[in-house]
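# Examination of the molecular architecture
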Amino acid sequence: RTMEMTAAQLMTRDLHIAHPSTTVAEAMEMMTNGRFRHLPVMDGDRLVGIVSIGDVVKARLSQQEQEVDSLKAYVAGG
């Protein structure tokens, strides 16, 4: 009877958190190893945001595009 369960019964209790200084790579590793799709971002005892796996993938793809562009510019200039 999942539809009758409360949020408290469904939620993750072994909470992993990120900090504003957590890198994309660190967040991706935490989310992959922990097999969860959302990561709360805490600044001290204050929740300042939530990062989703979609946010992490988008950021990583952007990083890869920048790396490819840099390599192309290097090869073209060399």
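Read on for a plain summary of the structure. (Residues numbered from 1 in each chain as written. Predicted model: local features only at pLDDT ≥ 70, side-chain atom pairs only at ≥ 80, totals over all residues. Heavy atoms only, no water.)

Moving on to the overall build of the protein chain. Along the protein chain, the regular secondary structure elements total three helices and two strands. Listed by position from the N terminus, the elements making up the protein chain come as α-α-β-β-α. Against the 2.2 N^0.38 benchmark of 12 Å for 78 residues, the protein chain shows a C-alpha radius of gyration of 18 Å, more extended than a compact globule. Based on the C-alpha atoms only, the size of the protein chain along its principal axes is roughly 65 × 30 × 20 Å. Within the protein chain, the proportion of its 78 residues that are buried is 12%. For the protein chain, contacts bridging at least 24 residues in sequence account for 23% of all contacts bridging at least 6. Only carbon and sulfur atoms are counted for the fraction: they give 55% of the accessible area of the protein chain, which is about 6,600 Å². (Helix = DSSP H or I, 4+ residues; strand = E, 2+ residues; numbered from the N terminus. Rg over C-alpha atoms; globule rule 2.2 N^0.38 Å. Buried < 20%, exposed > 50% of the residue type's maximum accessible area, 1.4 Å probe, protein only. Contact = heavy atoms within 4.5 Å. Areas by Shrake-Rupley, 256 points an atom, 1.4 Å probe, with all protein chains shown as cover.)

What follows deals with the pairing of strand S1 (residues 38-43). Sheet topology note: the S1/strand S2 (residues 46-52) ladder contains six bridges and is antiparallel. When the bridges of S2 are listed, Pro 40 appears paired with Ile 50. (Pairing = 2+ DSSP bridges.)

Residues Ala 18, Ala 27, Met 31, Phe 36, Leu 39, Val 41 and Val 56 constitute the largest nonpolar core, which totals seven residues. Contributing elements (two or more residues each) for this core: helix H2 (24-34) and S1. Beyond its immediate chain neighbours, meaning those up to four positions away, Leu 39 contacts His 16, Ile 17, Ala 18, Ala 27, Met 30, Met 31, Gly 49, Ile 50 and Val 51. (Core = buried A, V, L, I, M, F, W, Y, C linked by side-chain atoms within 4.5 Å.)

What follows deals with the packing of H2 against helix H3 (residues 53-77). For any two helices packed against each other, one specifies the inter-axial angle together with the distance between the axes. It is the contact of H2 with H3, at a shortest axis distance of 10 Å, that shows an interaxial angle of 135 degrees. In terms of orientation, H2 lies oblique with respect to H3. Here H2 runs over H3; the crossing is left-handed. Mapping the contact onto sequence places Val 24, Ala 27, Met 28 and Met 31 in H2 and Ile 53, Val 56, Ala 59, Arg 60 and Gln 63 in H3. A class-by-class count of the residues in the contact of H2 with H3 yields seven nonpolar, one polar and one charged. (Axes fitted to C-alpha atoms, helices over the stretch in contact; angles between N-to-C directions. Parallel < 35°, antiparallel > 145°, perpendicular 65-115°, else oblique. Left-handed = near helix turned anticlockwise from the far one by under 90°. Nonpolar A, V, L, I, M, F, W, Y, C, P; charged D, E, K, R; others polar.)

What follows is about the environment of Gly 34. Mapped onto the elements, Gly 34 comes out in helix H2. Counting along the chain gives 20 residues from Gly 34 to Asp 14, while the straight-line C-alpha distance between them is 9.5 Å.

Right, let's get into unusual backbone geometry. A negative phi angle is the norm for most residues apart from glycine, just as the trans form is the norm for most peptide bonds. One non-glycine residue, Arg 35, lies in positive phi territory at about 55 degrees. Within the secondary structure layout, Arg 35 lies in the loop between H2 and S1.

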